[in-house]
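# Survey of secondary and tertiary structure
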Amino acid sequence: MKRELGQQTVFFKNKPKIIGHYSIVGPKEGKGNLREYFSEIEQDDFFGQKTYEKGERVMIERALEGAVKDANLSFDDIKLFLSGDLLNQIISSSYAARKYDIPYAGVFGACSTMAESLALGACLVDGGHFETVACATSSHFSTAERQFRTPLELGSQRPPTSQWTVTGSGADIISSKGSGPIITCATFGKVADFGITDVNNMGAAMAPAAMYTLIAHFKDTKTKPEDYDLILSGDLGKLGSEILIDLMEDKGYKLGLNYKDCGQIIFKRNQNVLMGGSGCGCSATVLNSIVLKKLITGEYKRVLFMATGALLSTLSAQQGESVPGVAHAVVIEGEKNE
Amino acid sequence: MNDWYVYLIVFLTGGTICFIGQILVIKTKMTTARILVTFVLLGVFLQAVGLFDAISQFCKAGINVPIIGFGASLAKGAINAVKSSGILGIFTGGLSACAGGIAAAIFFAFIFGIIFKAKTKKM
Amino acid sequence: MQDEVRNKKYNSYVEAKIAKTHAWPSLFNAFWVGGLICVFGQVCNDLILMWFPSISTQSAWAYTLIIIIFIAALLTGLGVFDKIGAFAGAGTIVPITGFSNSITSPALDFKNEGIIFGMCAKMFIIAGPVIVSGTVASMIVGIIYLFV
């Protein structure tokens, strides 16, 4: 069968479904706006381990196991595990995968990893290459802070444009069989760099990539922003999502009240997170909690989920390079609206 | 014992130096390391041009506790050692004058590093 | 070259978009916390001179700084210093407390990577530049004084 293709968008004919999902978060996120929706809230930042890195690993393992259970499957049914995270050489994902007897392909899209792995997973399932694929990602405040910023106990102030890395992990099981919300199409984004060099202003660095992906998506699918119950960006934060709204308006698209940003909704205003949440876990946990639940109950019928990622490393930042961004989008539709 | 107004001067001068530091943090988005380097170099400069001792007479802890004092004693050590032992003083003077502070910082960091564990920010 | 124009435009747009936060509260906090730390130093210094009158002023300052460094390192270990620092900003960075914190915090953080290559090696990721630049600058001053 020939696949229908837009410029950047892949349309799925065989209805790859999200048949299981799971989200696990740390204590701070557990006090946030979405605390009733998460599958699991862990009060220990170390997740029972000796180091934060090991803790993040355990977080992915628990998310994956939870999702498999949620799908009423066993690990034998999972044919491929797609996962990625923020740490160098995506160790959290790879070390988590070491525990299981399933093929593993690491993906890296910085904070866009959730959308990227969902899009890739849906392609593989839709193409008939795999029947069931697991997608996961995670981020941990303390591991990210150690790697990208300053030691945890350093007494410095966070710049006002900075964001708070979410401690959390989300996992999805995509399958051609079973029931659940359907992934109908995926738009892969191009890397965009508008010359932002401030590593504490990720929202501004990623907003252009988000704009390109959204426009490509609307053109390819011949839809308008109003056609979706929810347009969800990953972790642009307050500043980044305001910029995205401006950029889209410039190009003739008006993002209305149905546009929300995961980074802004996950924490409460008084949680001292400045511009909001960020990290792979931000979009992953929001998608795998409130969004999928509302898709299943039918409150949302059609959601455009777009996660954004800033593709920098500490080295590139120290060498004065600007921060390139990327954004991938998937459309998820509730099963009931057929 | 000093008169009480000395403490007022210390408070005002020390506070002002930190105030200037905070302006640098806000205006230039400087990181901790850059702030520290800037103020150490300022201290070295003040000592080199001979202004530091006069300021120190007046401000006391107001300028000795900020890291400016650290830079100043580096420079002062170098200057004195050059006067007393010539070329060798260039190499030995600075660090030996500050050896106490550096060694203390390293030692306490090592001890507390062994004892304690880094905690996630809870703000 | 079109990109450069676009990037420049975007950067100035973003700069204008960043919500202006009021600087006064943080400046005020830096002022009074920094001031208090200096007063504490002065008190220590005066007490040392009072109890041990035979000590030279230079040694008294050295003892004072060591005491402050000790307290800052302890507060860092207890996980309190980062909270004070987040409140006071430069008020705790500029006094010698910031130097102490900048050595102790990576020591705590990189402990898991081993004592040698973790803790000992990473201790100076922030304080290293301070010691290097201060030492080099003081040596340059020494060279100048050698010839003047």
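Along every chain, residues carry numbers that run from 1 in the direction the sequence is written. Lettering for chains starts from A, numbering for ligands starts from 1, and both go in the order in which the items are written. Local features in this predicted model are restricted to residues of pLDDT 70 or higher, and side-chain atom pairs are both shown and tallied only at a pLDDT of 80 or more, whereas totals for entire chains, interfaces and linings draw on every residue. Side-chain calculation: all heavy atoms of the structure are included, whereas hydrogens and water are not.

Take the domain arrangement of chain A next. Often the size quoted for an interface is simply the accessible area lost on bringing the parts together. Residues and elements named next belong to chain A. The domain boundaries assigned to chain A delineate domain 1 (9–175) and domain 2 (182–337). For the domain bounds, the source is a domain assignment made automatically or taken from a database. A separation of 17 Å is found between the C-alpha centroids of domain 1 and domain 2. Any two residues having at least one pair of non-hydrogen atoms within 4.5 Å are treated as being in contact. Facing 59 residues of domain 1, the contacting portion of domain 2 comprises 61 residues. A buried area of about 4,700 Å², summed over both sides, lies between domain 1 and domain 2, and 66% of it is on carbon and sulfur atoms. Contacts described as polar in this section are N or O atom pairs within 3.5 Å, which, within protein, must combine one atom able to donate a hydrogen with one able to accept it, while residues neighboring in sequence count only if both atoms come from side chains. Our count for the contact surface shared by domain 1 and domain 2 stands at 21 residue pairs in polar contact (both at pLDDT 80 or more). Once two parts are put together, the accessible area they lose, assessed with a 1.4 Å probe and summed over both, is termed the buried area.

Each partner contributes to the interface: chain A provides 26 residues, whereas chain C provides 32 residues. Of all residues in chain A, A:Arg146, A:Glu153 and A:Phe194 give up the largest surface area on contact with chain C, accounting jointly for 29% of the area buried on that side. Salt bridges are defined by distance alone: a side-chain nitrogen of Lys or Arg within 4 Å of a carboxyl oxygen of Asp or Glu. The tally of links between chain A and chain C comes to 2 salt bridges. With a closest N to O distance of 2.7 Å, C:Glu113 and A:Arg146 form a salt bridge. Taken together, the connections running from chain A to chain C amount to 12 residue pairs in polar contact (both at pLDDT 80 or more). Broken down by element, the side of chain A that touches chain C gets its largest block of residues, 5 residues, from helix α7 (residues 237–250) of chain A. For the purposes of this entry, the term helix denotes a DSSP run of H or I that reaches at least four residues, the term strand denotes a run of E that reaches at least two, and both are numbered from the N terminus.

This next bit is on the nonpolar core. Of all hydrophobic cores here, the largest spans 107 residues; its most connected members are A:Leu118, A:Ile183, A:Val291, A:Phe305, B:Ile67, B:Phe70 and C:Phe99. The biggest single contributor to this core is helix α9 (residues 280–297) of chain A, with 8 residues. Shared between two domains, this core holds at least three residues of each, these being domain 1 (9–175) and domain 2 (182–337) of chain A. Residue contacts for C:Phe99: discarding those within four places in its chain leaves B:Leu36, B:Ile67, B:Phe70, B:Ile102, B:Ala105, C:Ile93, C:Ala127, C:Val130 and C:Ile131. Nine residue types can take part in a nonpolar core, namely buried Ala, Val, Leu, Ile, Met, Phe, Trp, Tyr and Cys, and a core is a set of them joined through side-chain atoms within 4.5 Å. Under the scheme applied here, a residue whose accessible area is under 20% of the maximum for its type counts as buried, over 50% as exposed, and between as partly exposed, the area being computed with a 1.4 Å probe on protein chains only. Formed by 39 residues, the second largest nonpolar core is a distinct cluster that contains A:Ile196, A:Met202, A:Ala204 and A:Met211.

On the side of chain C, 70 residues touch chain B, which itself brings 69 residues to the contact. Surface buried jointly by chain B and chain C totals about 5,800 Å² across both partners, of which 81% is contributed by carbon and sulfur atoms. Ranking the residues of chain B by area buried against chain C places B:Phe11, B:Val65 and B:Ile90 at the top, with a combined share of 11%. Where chain B meets chain C, there are 0 salt bridges. Taken together, the connections running from chain B to chain C amount to 11 residue pairs in polar contact (both at pLDDT 80 or more). Secondary structure elements with two or more residues in the side of chain B that touches chain C: α1 (4–28), α2 (32–48), α4 (61–64), α5 (67–85) and α6 (87–115) of chain B. Among the elements that take part in the side of chain B that touches chain C, α6(B) stands out by supplying 18 residues, more than any other. Among the residues making up the side of chain B that touches chain C, the classes are represented as 47 nonpolar, 15 polar and 7 charged. Throughout this entry, Asp, Glu, Lys and Arg are counted as charged residues, while Ala, Val, Leu, Ile, Met, Phe, Trp, Tyr, Cys and Pro are counted as nonpolar. The remaining residues, Gly among them, count as polar.

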